[in-house]
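What follows is the residue order along each chain.
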Amino acid sequence: MASLDKKLYRGWHARAAGIVVGLGVALLVSMLGTLGILANERRQAVAVQALTADRLKQVVVELNQAFSRLEQSRLERCSEETLTHLRGLLLQYRYLRDVGIVDARDRILCTTSGGLLSEPTPLPTPTNVTRTGFRNWLNYSVGFGEGRVVVSLTARGNFMLMVDSHANTELMQHSGIDSIWMDSEGVSPGKASPVWRAPRVQETEPWAPLHSELGFSSQQQFWSRIDWRRGVLALESNVPGTGYFIQNKISLRELFRNNSRIFSGLVLLAFLTGGLAGGLAHQRARLLRTLPYRIADLCRPENIICMYQPIMELTTGRVAGCEVLMRLRDGGEVIYPDKVIPLILERSLGWQLDQAVSLRALRELADALPKNPVSTDARLFKVAINFFPENIRFEKLTALLTPIRPEGVSLNVEVTEYGMSDDLFEEVRCLREADYLISVDDFGTGYSNLGTVKCLSPDFLKIDKSFVFDMEDDSLRSSLIPEIVAIARAVNAELIAEGVENEQQANRLRDMGVQYGQGYFFARPLPIEEFMEFLAKATSGKSA
Ligand SMILES: Nc1nc2c(ncn2[C@@H]2O[C@H](COP(=O)(O)O[C@H]3[C@@H](O)[C@H](n4cnc5c(=O)[nH]c(N)nc54)O[C@@H]3COP(=O)(O)O)[C@@H](O)[C@H]2O)c(=O)[nH]1
């Protein structure tokens with residue numbers, strides 16, 4: 001069995017399974033590990049963005065509050081008194097740097113820092129105008145004291161507030177985020193403009209937020225995208241209710257560099273788990289290719305091949321019938337019965353096999369025999385079929401064979417000597433009454449005595465081939481053939497000698513009183529077409 005398993009195991013199948021599974025597991029482990037690293041990176045960015053969003057929101061809330069209070073105060077005309085009042089208001093806010101009053105053409109008339117301006121200072125067109133009526137000038141450079149600073153201006157009605165971009169920048173720089181965008185909803189909905197970019201971010205082509213529509217949502221939401229071309233993972237979120245968006249961009253190369261140890265560990269882990277899984281899959285695939293795992297499949301009708309070995313009448317040379325011998329097809333290979341019969345019995349597949357063989361053989365014969373010129377002989381034609389002893393049950397066999405029994409063919413049930421038992425006698429008696437022929441197979445190798453053979457009353461005794469093989473040497477074994485001939489006469493059975501391999505054996509057996517011979521001298525077990533050709537040739541030879 002071991003050598004057959006080895007033969008049946010097709011190396012490349014199992015190797016391919018091992019390689020595929022190994023690579024698959026290695027890939028899966030690497031992917032899961034990489035996803036874990038990305039998820040960790042994302043988690044960190046989310047925490048940073050949540051904190052920054054909170055701060056930005058405070059600025060916006062401050063702006064809203066300040067505008068409401070200014071609008072309620074109705075201090076829309078520039079005067080020292082108004083400016084004093086505005087300065088008092090400014091002190092109450094953390095992020096506001098300046099408060100001013102503008103005219104209808106957005107010209108600055110006075111500010112808390114600059115006082116009453118001798119000439120109105122015109123502002124350019126706003127960077128954006130929001131739905132709620134805010135006009136924004138982002139990154140606006142103004143002279144402040146000795147130098148200039150970059151600020152953000154926001155105006156509503158006649159009031160203008162200045163948010164210190166420097167303060168903002170400080171805030172951002174320490175937050176770890178990369179850029180802030182603002183949605184100019186109202187003027188051009190869905191179009192966002194960058195507000196701030198960390199100095200370390202050098203970008204020629206900034207990325208607008210993915211979901212601008214979420215800028216005014218009351219919930220902070222996070223989303224991410226990977227730009228494989230640029231090798232960047234971008235994480236974004238909105239600042240709830242403000243129209244602001246926050247972005248973090250992580251270079252994949254940097255990510256790899258920062259986590260190089262983890263990645264090395266991951267490669268090692270992928271290699272080990274892939275190797276282990278591949279090895280196990282290879283073993284399993286090898287195991288699945290072995291006969292014990294495939295025997296049930298091999299015994300299915302589509303894998304069964306029936307061969308027909310002629311049984312010759314030794315005195316006349318006429319083809320008296322045939323024995324059906326099965327083989328199992330396994331892809332391009334053929335498996336012989338001796339290799340699988342023990343396994344078939346162990347797996348209780350005997351009936352499945354006997355059923356499939358007899359159905360196929362009788363159908364093939366029913367199709368082929370009438371087309372053949374020997375059909376006139378069919379009346380005499382005996383088809384011997386092997387059944388496992390436990391399947392020789394009258395009801396079971398007749399239910400199976402009666403509907404498919406070909407016209408004019410005698411069915412010959414072969415019973416091995418090993419399978420003989422008391423309860424078999426009754427089954428065999430019933431089969432004989434129903435016109436079935438009975439042969440005792442491998443006669444001489446079992447433990448039957450004259451009494452049991454008498455009880456069975458078979459039509460044929462098949463002399464086991466081991467007696468025939470030894471005939472040339474006149475061995476002790478072959479010297480028993482006359483005893484077998486005597487037993488056959490005593491039980492009124494005819495004899496078929498198995499394993500006839502040459503003419504000398506055939507002639508001697510005939511001379512000893514053996515009626516029939518079967519063996520390679522006449523023909524090997526043949527497929528139906530070749531068997532029919534043999535039959536035609538033998539019949540025409542006889543009639544010529
Ligand atoms: N229940 C079933 N058992 C079956 C079925 N088909 C076969 N068998 C049993 O398997 C045994 C082995 O069969 P196989 O390998 O086919 O061998 C047969 C012949 O090929 C072989 N033979 C015939 N002539 C010669 C010869 O001249 N020399 C030589 N060395 N071998 C020869 O002998 C076997 C004949 O078998 P049998 O007459 O039945 O003893 C076989 O013994 C069956 O029991 C099946 O469908 N069902």
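Residues numbered from 1 in each chain as written. Predicted model: local features only at pLDDT ≥ 70, side-chain atom pairs only at ≥ 80, totals over all residues. Heavy atoms only, no water.

In the nomenclature of an unreviewed UniProt entry, the chain corresponds to cyclic-guanylate-specific phosphodiesterase from the organism Uliginosibacterium aquaticum. UniProt, in the comment section headed Catalytic activity (unreviewed entry), describes the chain in these words: "3',3'-c-di-GMP + H2O = 5'-phosphoguanylyl(3'->5')guanosine + H(+)". The Subcellular location (unreviewed entry) comment attached to the chain in UniProt states, word for word, "Cell membrane". (UniProt positions renumbered as here; feature names shortened; annotations may be inferred.)

A. Geometry of the overall build of the chain. Within the chain one finds 16 helices and 21 strands. Residues classed as buried in the chain amount to 48% of the 544 residues present. Within the chain, contacts between residues separated by at least 24 positions form 62% of all contacts whose residues are at least 6 apart in sequence. By element, 55% of the accessible surface of the chain is carried by carbon and sulfur atoms, the whole surface being about 27,700 Å². (Helix = DSSP H or I, 4+ residues; strand = E, 2+ residues; numbered from the N terminus. Buried < 20%, exposed > 50% of the residue type's maximum accessible area, 1.4 Å probe, protein only. Contact = heavy atoms within 4.5 Å. Areas by Shrake-Rupley, 256 points an atom, 1.4 Å probe, with all protein chains shown as cover.)

B. Representation of the pattern of salt bridges. Counting across every chain of the model gives 18 salt bridges. Arginine 360 serves as the salt-bridge partner of glutamate 364, at 4.0 Å between the closest nitrogen and oxygen. You can see glutamate 364 and its partner arginine 360 sitting in helix α9 (residues 350–368), four residues apart, about one turn around the helix. Accessibility expressed as a relative area gives 28% for arginine 360, which makes it partly exposed. Through salt bridges that share partners, Glu323, Glu414, Lys462 and Glu498 make up one connected network. (Salt bridge = Lys/Arg side-chain N within 4 Å of Asp/Glu carboxyl O.)

C. Molecular detail of empty space enclosed by the protein. According to the stated counting rule, one finds one cavity of 30 Å³ or more in the structure shown. Considered as a void within the structure, the largest cavity measures approximately 60 Å³ in volume. What lines the largest cavity is simply Ile311, Ala320, Gly321, Lys382, Ala384, Asn412, Phe460, Ile496 and Tyr516. Listed by contribution, the elements that provide at least two residues to the lining of the largest cavity are β14 (319–330) and β16 (382–386). For the lining of the largest cavity, the residue count by class is six nonpolar, two polar and one charged. (1 Å grid on protein atoms, 1.4 Å probe; cavity = no way out; pocket = protein on both sides within 12 Å on 5 of 7 lines; lining within 4 Å. Points joined across faces, edges and corners; volume = space filled by probe spheres on them. Nonpolar A, V, L, I, M, F, W, Y, C, P; charged D, E, K, R; others polar.)

D. Region of the structure containing the state of the cysteines. In total, this model carries one disulfide according to the counting rule given. Here cysteine 78 engages in a disulfide with cysteine 110; their sulfurs sit 2.0 Å apart. Measuring handedness by torsion sign, the sulfur bridge of cysteine 78 and cysteine 110 sits at about -80 degrees and is left-handed. Of this pair, cysteine 78 sits in the loop between α2 (11–73) and α3 (80–90) while cysteine 110 sits in strand β2 (residues 107–111), and the two are 32 residues apart along the sequence. Given a relative accessible area of 27%, cysteine 78 falls into the partly exposed group. For cysteine 110, a relative accessible area of 0% corresponds to the buried category. (Disulfide = S-S within 2.5 Å.)

E. Fine view of helix α7 (residues 291–298). Those residues of α7 not exposed but buried are Leu291, Arg294, Ile295 and Leu298. Down the axis of α7, the smallest arc covering the buried residues is 135 degrees, so these residues share one side. (Arc of directions from axis to C-beta.)

F. Here's a closer look at the site of the ligand. Around the ligand, a shell composed of 26 residues is seen, among which Glu323, Asp441, Lys465, Glu501 and Tyr520 lie nearest. Within the side chain of glutamine 309, an N or O atom sits 3.0 Å from a nitrogen atom of the ligand. Note that an oxygen atom of the ligand is positioned 3.3 Å from one of the side-chain N or O atoms of asparagine 386. Burial of the ligand by the protein amounts to 89% of the accessible area it has alone, namely 810 Å². Its atoms largely coinciding with the cavity grid, the ligand occupies the largest pocket. Sorting the residues of the shell around the ligand by element identifies β14, α8 (337–346), α9, β18 (437–443) and α13 (465–469) as the ones contributing at least two each. With four residues, the single largest contributor to the shell around the ligand is β14. Its residues placed into classes, the shell around the ligand shows 11 nonpolar, four polar and 11 charged. (Near = heavy atom within 4 Å. Polar contact = N/O pair within 3.5 Å; in protein donor to acceptor, adjacent residues only side chain to side chain. Sits in = over half its atoms within 2 Å of the grid points.)

G. Structural context of the pairing of strand β10 (residues 222–227). Alignment of β10 against strand β11 (residues 232–239), held across six bridges, turns out to be antiparallel. When the sheet's bridge partners are listed, arginine 225 is paired in β11 with alanine 234. Between the end of β10 and the start of β11, which pair antiparallel, lie four residues, with glycine 231 showing a positive phi angle near 65 degrees. (Pairing = 2+ DSSP bridges.)

H. Broad picture of the layout of surface pockets. Computed from the structure, the largest pocket encloses a volume of approximately 1,100 Å³. Glu323, Leu325, Pro337, Asp338 and Lys465 are, among the 38 residues lining the largest pocket, the residues nearest its centre. Here the lining of the largest pocket is composed, by residue class, of 20 nonpolar, six polar and 12 charged. The space that makes up the second largest pocket amounts to roughly 400 Å³. Elements represented by at least two residues in the lining of the second largest pocket include exactly β12 (244–251) and α5 (252–258). The residue inventory of the lining of the second largest pocket, partitioned by class, reads five nonpolar, three polar and seven charged.

I. Main features of the nonpolar core. Tyr308, Leu328, Ile344, Leu353, Val383, Leu401 and Leu509 are the most contacted members of the largest nonpolar core, which has 78 residues in total. Within the second largest apolar cluster, 19 residues are counted, among which are Phe67, Leu83, Tyr93 and Ile101. (Core = buried A, V, L, I, M, F, W, Y, C linked by side-chain atoms within 4.5 Å.)

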